[in-house]
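Coordinate analysis (summary)
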Amino acid sequence: MIAPMAGVSDLPFRLITRSRGAPLAFTEMIDARALSHRDRRTVHMLTSDPIDRPLGVQLVGNDDTYILRALEMLDGYDFDLLDFNAACPAPKLTRKGMGAALLREPDRLGEILEILVEWSPVPVTVKIRSGWDEHSVNARDVALRAEAAGVSALFIHGRTKVQGYSGTVDYGVIKDVKESIRIPVIASGDNMTIESVQAMFAATGCDGVAIARGCLGNPWLFSELRSLFEGGLPVKKPSAGEIVEVMRDHLALVTEHYGERKGVSSFRKFFIWYTRGLAGVKPLRDSAFRAETKGDLVSVMEEVMKLDWSRNEYAAHSLSSCPGAFP
């Protein structure tokens, strides 16, 4: 499934990734307080489509009043899961007691989850990390409290809050959590390639994986994984033409969703991810960042087609082996 990613997993991204085999996806993280105040940008993040299913909405917060108001605001929206974020390491959240800060208060987190389970019209899940830092790895205790609160599944990122997205994922912590609770456990962190996903399943016994950085610029990873787990033949790597076609489709969706000016600005980071590893692409990336209109970006994409794909490392290696860049 596609993990929630701030500034990334909007409707255009979800539609593009679903078109290449992604199943369950999540909205970007929604601040319960902002939603309860009907913040325009936050409400827009809930925009969906009938084909954008199954869909999870992820909330973050720590105030019961705003969390309940946010649930009221979600009434009328069509979604399938409600996920609560107790994993985000961003200081702008943790210093307010939200996100990964709740790992320091398992009982408080449990109280919030009990409220969500009682009032949510759909199953509730929670995302956690292995702990706050290396001296307070408490994922097992937090997971047991979450299960007691009645959540239907648990997502765990195998790093501490202090690690952020650096260092390596601790498979042992994820395995310990999986062996300690009865609800499904979905593992997150460093699921970048087919090989790393296989390693995650083998080392942890998890029930599923959430893909984040691994699918940035590489929505084909889901087709590869689906083929693998269904026992099919390896998926043929996309050609230059297919990659540029997806870029054009993604750009069209983004400009329709945000308007041309904001859409072009939003798409620039995706241009970098789609062209990662391409020899000779740097001047075109510079042009992409100077682009002001949809037409400007399409022209840059046409220049991408002219690169010698047969001589660059992008063509010579699996797309899913290319590292991503987390926002």
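Residues numbered from 1 in each chain as written. Predicted model: local features only at pLDDT ≥ 70, side-chain atom pairs only at ≥ 80, totals over all residues. Heavy atoms only, no water.

With 8 of 8 residues buried, strand E4 (residues 124-131) lies mostly within the body of the structure. Of the strand pairs in this sheet, strand E3 (residues 81-86) and E4 are connected by 5 bridges, and their pairing is parallel. Paired with Ala86 across the two strands is Ile128, which belongs to E4. When E4 meets strand E5 (residues 153-160), the two strands line up parallel, connected through 6 bridges. Bridge pairing in E5 places Arg129 opposite His157. Each parallel crossover has a hand, and the one from E4 via helix H7 (residues 139-149) to E5 is right-handed. (Buried < 20%, exposed > 50% of the residue type's maximum accessible area, 1.4 Å probe, protein only. Helix = DSSP H or I, 4+ residues; strand = E, 2+ residues; numbered from the N terminus. Pairing = 2+ DSSP bridges. Right-handed = clockwise from strand over helix to strand, strands pointing away.)

This brings us to the confidence of the model for the protein chain. Of the residues in the protein chain, 94% have a pLDDT of 70 or more, and the chain-wide mean is 91. Throughout residues 311-327 the model reports pLDDT below 50, and contacts reaching past four residues in sequence, or to other chains, amount to 45 contacts. (pLDDT = per-residue confidence, 0-100. Contact = heavy atoms within 4.5 Å.)

By size, the foremost hydrophobic cluster in this structure holds 93 residues, and its most contacted members are Leu82, Phe84, Leu154 and Phe267. Listed in part, the 5 residues of the second largest apolar core include Met29, Cys88, Leu93 and Met98. (Core = buried A, V, L, I, M, F, W, Y, C linked by side-chain atoms within 4.5 Å.)

Right, let's talk about the sheet that holds strand E1 (residues 25-31) for a bit. Sheets are built from strands that pair by backbone hydrogen bonding, the pairs being arranged parallel or antiparallel. Read from one edge of the open sheet, 7 strands run E1-E2-E3-E4-E5-E6-E7, paired in parallel fashion. Taken across any chain shown, the strands that pair with only one partner, and hence form the sheet edges, are E1 and strand E7 (208-210). Averaged over all pairs of adjacent strands, the angle between their axes in this sheet comes to 30 degrees, without regard to strand direction. In this structure, strand E6 (residues 185-188) lies alongside E7, joined through 3 bridges in parallel fashion. Residue Ala187 lies in a different strand from E7, and its bridge partner there is Val209. (Axes fitted to C-alpha atoms, helices over the stretch in contact; angles between N-to-C directions.)

Here we come to the packing of helix H13 (residues 282-290) against helix H14 (residues 294-305). Where H13 contacts H14, the two axes come as close as 9 Å, and the packing angle between them is 170 degrees. The angle between the axes of H13 and H14 places the two elements in the roughly antiparallel class. Residues Leu284, Ser287 and Ala288 of H13 form the contact with H14, whose participating residues are Leu297, Val300, Glu303 and Val304. Here the residues of the contact of H13 with H14 are counted per class, giving 5 nonpolar, 1 polar and 1 charged. (Parallel < 35°, antiparallel > 145°, perpendicular 65-115°, else oblique. Nonpolar A, V, L, I, M, F, W, Y, C, P; charged D, E, K, R; others polar.)

Turning to the side chain of Gln58, a few remarks are in order. Following the sequence through the fold, Gln58 ends up in strand E2 (residues 55-60). A polar atom in the side chain of Gln58 sits 2.8 Å from the side chain of Asp83. Setting aside anything within four residues of it in sequence, one finds Gln58 in contact with Pro4, Thr27, Glu28, Met29, Ile30, Asp83, Asn85 and Lys127. (Polar contact = N/O pair within 3.5 Å; in protein donor to acceptor, adjacent residues only side chain to side chain.)

A cluster of basic residues, Arg33, Arg41, Lys92, Arg95, Lys96 and Lys262, forms a positive patch at the surface. Take Arg41: it is sitting in helix H3 (residues 40-44). Arg41 sits in the exposed class, given a relative accessible area of 53%. (Patch = residues over 30% accessible without salt bridge, like charges linked within 9 Å, V, L, I, M, F, W, Y side chains within 5 Å. Areas by Shrake-Rupley, 256 points an atom, 1.4 Å probe, with all protein chains shown as cover. Salt bridge = Lys/Arg side-chain N within 4 Å of Asp/Glu carboxyl O. Lys, Arg positive; Asp, Glu negative; His and termini not counted. Charge placed at Lys NZ, Arg CZ, Asp CG, Glu CD.)

Here the focus is the packing of aromatic side chains. With the rule as written, the count across this model stands at 6 aromatic pairs. Among the aromatic residues, those joined into a cluster by ring pairs are Phe13, Phe267, Phe270, Trp273 and Tyr274. Residue placement shows Arg104 over the ring face of Trp132; its charged tip is 3.8 Å from the ring centre. Of note, Arg129 hangs over the ring of Tyr165, and the distance from its end group to the ring centre comes to 5.1 Å. (Phe/Tyr/Trp six-rings, centres within 6.5 Å; stacked < 30°, edge-to-face > 60°. Lys NZ or Arg CZ within 6 Å of the ring centre and 35° of its normal.)

The next thing to look at is the side chain of Arg129. Tracing the backbone shows Arg129 in strand E4. Although Arg129 lies buried, it forms no salt bridge, and the closest oppositely charged side chain, Asp190, sits 9.7 Å away as judged by the N-O distance. A distance of 2.8 Å separates the side chain of Arg129 from the backbone oxygen of Gly164, its partner in a polar contact. Sequence-distant contacts of Arg129, defined by excluding residues within four places in its chain, comprise Ala86, Ala87, Pro89, Leu103, Ala139, Ile156, His157, Arg159, Thr160, Lys161, Gly164 and Tyr165.

A few words on unusual backbone geometry. Excluding glycine, residues mostly carry a negative phi; peptide bonds, for their part, are mostly trans. At the junction of Arg53 and Pro54, the peptide bond is cis and its omega measures out at -10 degrees in the coordinates. Among the secondary structure elements, Pro54 is positioned in the loop between H3 and E2. Residue Arg38 is not a glycine yet carries a positive backbone phi of 60 degrees. In this structure, Arg38 sits in the loop between helix H2 (32-36) and H3. The phi dihedral of Asp190 is positive, around 65 degrees, even though this residue is not glycine. For Asp190, the position within the fold is in the loop between E6 and helix H9 (194-204).

So, about helix H1 (residues 11-18). Across the 8 residues of H1, 8 count as buried, placing the element largely inside the fold. Within H1 the residues assigned to the buried category are Leu11, Pro12, Phe13, Arg14, Leu15, Ile16, Thr17 and Arg18. Where H1 is buried, its residues meet E1, E2, helix H10 (220-229), helix H11 (240-258) and helix H12 (260-274). The N-capping residue of H1, defined by a side-chain oxygen 3.1 Å from the backbone nitrogen of Phe13, is Asp10.

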